[in-house]
Amino acid sequence: GMENKGRIPFVKFQWFFIAVSVVLLAASLLVMATKGLNYGIDFKGGARLVYQFQQPVTEGEIKEVLKGINLGDAQVVRYGEEKDNRMAIKVEKAAEHAQVGVAVTQALGDTFGADKVELQEEETVGPRVGKELRKKAWLAVIFAVILMLIYIGYRFDFLFAPGAVAALIHDVLITLGVFAFLGKEVNLTILAAFLTIVGYSINDTIIVFDRIRENQHGITHSTIGNVVNLSLNQTLARTIVTSLTVLFVLVVIFIKGGGALHNFAFALIIGMVLGTYSSLFIATPCYVGMYKLAPTLRHLVGQRR
């Protein structure tokens, strides 16, 4: 019968996975509350300068030079691979004096030789614009999640929607937690990655939900565990193949991408792994829970009328 087809007993272990996720979520929120997110120039204001050097340089050497020109808090990050000799300098207070690029170029030229240093990229964002962008960025993510909720409530029945949204929030929060923990920069590129994660995670969840709905005629209070298990096992191969093909591409971008692409791919790799995981272990148990609660909920709603 149906029991032996559901080879991997997902539903049996759901509390274990939910516990793991709760721990990860708590850790993510804690890190974000204590350490905070490392917002890029896009969201914070300031200047970002990328320099190409003729000879090998270290972050320390550049920081020494910058101390001489009193820039306040400057971050120096290697850009691309070590042999490229490129450095990105982020200055927060830049918007106050527009000449920051000139000052830094001058100072680096004095130390390393003017012909040995070249300013390749420069971007400046005022602090007000940054704050505005940050607000809009968060609104974009929140709207995306709300729209997904409405869509799933409409496309399936409403019992499916809470699980899908729980899975989405789970994926985004834990990915953000990893970014906060590693101190990686959150900028507009990373925001694009988060919106992609939202879309990807939902897509994965819908594939599983669709199969549950196809098998729905067999669902009763006592068989729901089996039906959901069967559905998960039927979609598992497809989910894994899809995820792996995308992962291969992302890993290549992650290794070869350098600079901005490196972090973009990093966010997507984490988000994708979480997205696949949450479709199986977060969204589905939530649906099972909602299904079992449904009579109680209907009863309460009935009483209220």
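Residues numbered from 1 in each chain as written. Predicted model: local features only at pLDDT ≥ 70, side-chain atom pairs only at ≥ 80, totals over all residues. Heavy atoms only, no water.

## Things to note about the environment of Asp 210
Next, step 1: Relative to the elements of secondary structure, Asp 210 occurs in helix 7 (residues 188-214).
Next, step 2: Classification of Asp 210 by relative accessible area gives partly exposed; the value is 23%.
Next, step 3: Distance from Asp 210 to Phe 156, taken between C-alpha atoms, is 8.3 Å for residues 54 residues apart in sequence.
Next, step 4: Once you skip the residues sitting within four places of it in the chain, Asp 210 turns out to touch Arg 155 and Phe 156. (Helix = DSSP H or I, 4+ residues; strand = E, 2+ residues; numbered from the N terminus. Buried < 20%, exposed > 50% of the residue type's maximum accessible area, 1.4 Å probe, protein only. Contact = heavy atoms within 4.5 Å.)

## Focus on the packing of helix 3 (residues 59-67) against helix 4 (residues 100-112)
Angle between the axes and distance between the axes: these two values describe a pair of packed helices.
Next, step 1: One way to put it is that helix 3 packs onto helix 4 with a least axis distance of 10 Å and a crossing angle of 120°. When the axes of helix 3 and helix 4 are compared, the pair comes out oblique. Considering the relative orientation of helix 3 and helix 4, their crossing is right-handed. When helix 3 is examined against helix 4, the residues Glu 61, Ile 62, Val 65 and Leu 66 are found in contact with a partner set consisting of Val 104, Ala 107, Leu 108, Thr 111 and Phe 112. (Axes fitted to C-alpha atoms, helices over the stretch in contact; angles between N-to-C directions. Parallel < 35°, antiparallel > 145°, perpendicular 65-115°, else oblique. Left-handed = near helix turned anticlockwise from the far one by under 90°.)

## Details of the nonpolar core
Next, step 1: Ranked by internal contacts, the top residues of the largest apolar core, which has 62 residues, are Ile 152, Phe 209, Ile 212 and Tyr 287.
Next, step 2: Among the elements of the structure, helix 1 (14-34), helix 5 (127-155), helix 6 (161-182), helix 7, helix 8 (224-256) and helix 9 (259-304) are those that each provide at least two residues to this core.
Next, step 3: The biggest single contributor to this core is helix 9, with 16 residues.
Next, step 4: Beyond its immediate chain neighbours, meaning those up to four positions away, Ile 152 contacts Asp 157, Phe 160, Ala 161, Ala 164, Ile 202 and Ile 206. (Core = buried A, V, L, I, M, F, W, Y, C linked by side-chain atoms within 4.5 Å.)

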